[in-house]
Amino acid sequence: MMSKRRVVITGLGIVSPIGIGIEPVWNSLMAGAGGIGPITRFDAVQLSTRIAAEVKDFAATDWMSAKEARRVDTFIHYGIAASQLALNDSGLVIDEQNADRVGVSVGSGVGGLPMIEDNIRDMIEKGPRRISPFFVPGSSINMVAGLISIQFGARGPNLSASSACATSALSIGEAGRIVEYGDADVMIAGGAESTINMAGIGGFSALRALSERNGDPATASRPFDKDRDGFVMGEGAGILILEEYEHAKRRGARIYAELAGLGMSADAHHATAPNVDGARRAMLAALRNAQSNPDQVNYINAHGTSTPMGDSNETAAIKAALGEHAYSVAVNATKSMHGHLLGAAGGVEAVITALAVYHQISPPTINIFTPDPTCDLDYVPGSARKMTIELALSNSFGFGGTNVTLAIRRHS
């Protein structure tokens, strides 16, 4: 039986509300600078939530032709851009010699909601003949992975997970297993999302899931704070280049960290309310897969959405998984700065976790003003912290009770 191969992270790409590219994003994180403000994409005056974390200064035509850009939804623009950034960062050139061994695992939680909304509006107002011929291929979730493979000539395994807010983490974890078991040498992995439109904001507002702190958007996302009132919608994409260790070593690639483990679980409990045991089991499964013990964890990039129930649940799950050691772990929620990117959240946060391990610095959790007695861990409040990070976890939990944890280990 073939032994599993080691999987390392050799490239990072990110499109986010706090920057495009790893350097501006890392600088924003180190400064504790957020990207949340009033919604500009559409007139949100009718909604109870009128704030979001929008991507700024992004032009799709910087990454593809104007003709191609018009035919696909924004989440695909972001996915292609972040993939290009990650490939550039990795130094990998895809050519005839290696194309069959390079795959893509990039998903989305919702897909092309703005394009869906626009086409349904046209159909209702002007009739079915006004539906765009690009509607289906331009908004389908799997097309982000398909078009990334076309854009860059990656002919290896191609897949798109859709698992709510755990989508990106699952996409990365499954990509890692594809490399581990030899079906590819390199995978472009992560997720993309763009749902800041009337249907997206309106739908989550109807669920009472979003913050309504419209008069103070900069402090609206308050993970683990006593006065948190919901999450702030974000958008963007996070992409990792996962590579078999010997393959990366042969080409002299820079290695950020090692993807050491994947943990998955289902709450089997409730469609939207989280469950402590499901999150606990995902973290322990990731540690088992990484052949590591709970007391070896130094840092957790929390799911930390800023919802009253979710943050308390995750805190309890971390304590259930790690025991007393939980109080010795730095737990941060970068959603306090970039908002909640739904299906792209785990990709953006895996990029951030890899950078934290690489730089040996935990980003902060901002906007913790009043400690919540139910949230009593070390959330790295206010400012970044230099520290030793040998083993990190990145948590992603989604509607339907789907839980994914990635274990990322320092490379030495």
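Whatever comes next refers back to the structure up there.
Residues numbered from 1 in each chain as written. Predicted model: local features only at pLDDT ≥ 70, side-chain atom pairs only at ≥ 80, totals over all residues. Heavy atoms only, no water.

Caption draft 1: Molecular detail of the overall build of the chain. Across its full length, the chain carries 13 helices and 15 strands. Compactness check: the chain gives a C-alpha radius of gyration of 20 Å against a globular reference of 22 Å for 412 residues, within 12% of the reference. Across its three principal axes, the chain shows a C-alpha extent of roughly 60 × 55 × 40 Å. Considering only contacts in the chain between residues 6 or more positions apart, those separated by 24 or more positions represent 78%. Of the roughly 15300 Å² of accessible surface on the chain, a fraction of 52% belongs to carbon and sulfur atoms. Across the chain, the centroid of the 34 positively charged side chains sits 2 Å from that of the 41 negatively charged ones. (Helix = DSSP H or I, 4+ residues; strand = E, 2+ residues; numbered from the N terminus. Rg over C-alpha atoms; globule rule 2.2 N^0.38 Å. Contact = heavy atoms within 4.5 Å. Areas by Shrake-Rupley, 256 points an atom, 1.4 Å probe, with all protein chains shown as cover. Lys, Arg positive; Asp, Glu negative; His and termini not counted. Charge placed at Lys NZ, Arg CZ, Asp CG, Glu CD.)

Caption draft 2: Geometry of the pattern of salt bridges. This structure, assessed with the given rule, holds 21 salt bridges. Between Asp 89 and Arg 254 there is a salt bridge whose closest N-O contact spans 2.6 Å. One end of the pair, Asp 89, is in helix H3 (residues 74-90); the other, Arg 254, is in the loop between helix H9 (245-250) and strand S9 (257-266), and 165 residues separate them in sequence. In this structure Asp 89 comes out as partly exposed when scored by relative accessible area, which is 21%. Judged by relative accessible area, Arg 254 falls into the partly exposed class, the value being 34%. Glu 117 is the partner of Arg 121 in a salt bridge, and the nearest nitrogen-oxygen pair spans 3.3 Å. Of this pair, Arg 121 and Glu 117 both sit in helix H4 (residues 113-126), separated by four residues, roughly a single helical turn. Judged by its relative accessible area of 36%, Arg 121 is partly exposed. The buried category is assigned to Glu 117, whose relative accessible area is 17%. (Salt bridge = Lys/Arg side-chain N within 4 Å of Asp/Glu carboxyl O. Buried < 20%, exposed > 50% of the residue type's maximum accessible area, 1.4 Å probe, protein only.)

Caption draft 3: Inspection of the side chain of Ser 292 at higher detail. Tracing the sequence through the fold places Ser 292 in the loop between helix H10 (276-289) and strand S10 (299-301). Judged by relative accessible area, which is 10%, Ser 292 ranks as buried. Engagement of the side chain of Ser 292 in a polar contact is seen with the backbone oxygen of Ala 290, the distance being 3.1 Å. Ignoring sequence-local partners within four residues, the contact set of Ser 292 consists of Leu 287, Leu 391 and Arg 409. (Polar contact = N/O pair within 3.5 Å; in protein donor to acceptor, adjacent residues only side chain to side chain.)

Caption draft 4: Local environment of empty space enclosed by the protein. Under the definition given, this model contains one cavity of 30 Å³ or more. Estimated volume of the largest cavity: approximately 60 Å³. Along the walls of the largest cavity sit Val 7, Gly 173, Gly 176, Arg 177, Glu 180, Leu 259, Ala 260, Gly 261, Leu 262 and Asn 289, which together make up its complete lining. Looking at the lining of the largest cavity, the elements with two or more residues in it are helix H7 (167-180) and S9. For the lining of the largest cavity, a count of residues per class yields four nonpolar, four polar and two charged. (1 Å grid on protein atoms, 1.4 Å probe; cavity = no way out; pocket = protein on both sides within 12 Å on 5 of 7 lines; lining within 4 Å. Points joined across faces, edges and corners; volume = space filled by probe spheres on them. Nonpolar A, V, L, I, M, F, W, Y, C, P; charged D, E, K, R; others polar.)

Caption draft 5: Spatial organisation of unusual backbone geometry. Notably, Asp 57 is not glycine yet its phi reads approximately 55°, a positive angle. Inspection of the secondary structure assignment puts Asp 57 in the loop between strand S4 (51-52) and helix H2 (66-70). Judged by its relative accessible area of 80%, Asp 57 is exposed. The phi dihedral of Leu 342 is positive, around 50°, even though this residue is not glycine.

Caption draft 6: The arrangement of the nonpolar core in detail. Counting residues in each nonpolar core, the largest one holds 49 residues, and the members touching the most others are Ile 9, Leu 12, Ile 172, Leu 240 and Leu 242. Secondary-structure elements contributing two or more residues to this core are strand S1 (7-16), helix H1 (22-31), H7, strand S7 (186-193), strand S8 (236-244), S9, helix H13 (345-359) and strand S15 (402-409). Per element, the largest residue contribution to this core is nine residues, and it comes from H13. Of all hydrophobic cores here, the second largest spans 33 residues; its members include Ala 60, Ile 94, Val 144 and Ile 148. (Core = buried A, V, L, I, M, F, W, Y, C linked by side-chain atoms within 4.5 Å.)

Caption draft 7: Spatial organisation of the pairing of strand S14 (residues 391-398). By the criterion of burial, S14 is predominantly enclosed, with eight of the eight residues buried. Looking at chain direction, S10 and S14 are connected through three bridges and run parallel. The residue bridging Ile 300 from the neighbouring strand is Leu 393, located in S14. Remark: three residues form the turn of the hairpin made by S14 and S15, two consecutive strands paired antiparallel; Gly 400 in that turn has positive phi of roughly 90°. (Pairing = 2+ DSSP bridges.)

Caption draft 8: Summary view of the packing of aromatic side chains. If you walk through the whole model with that rule in mind, you get five aromatic pairs. Seen from their ring centres, Phe 58 and Tyr 78 are 5.0 Å apart, and the 80° between their planes marks the pair as edge-to-face. Note that Phe 58 is positioned in the loop between S4 and H2 and Tyr 78 in helix H3, a separation of 20 residues in sequence. For Tyr 78, a relative accessible area of 2% puts it in the buried group. Three or more aromatic residues joined by ring pairs form one cluster here, namely Phe 204, Phe 231 and Phe 399. The ring of Tyr 245 carries Arg 6 above its face, with NZ or CZ at 4.2 Å from the centroid. (Phe/Tyr/Trp six-rings, centres within 6.5 Å; stacked < 30°, edge-to-face > 60°. Lys NZ or Arg CZ within 6 Å of the ring centre and 35° of its normal.)

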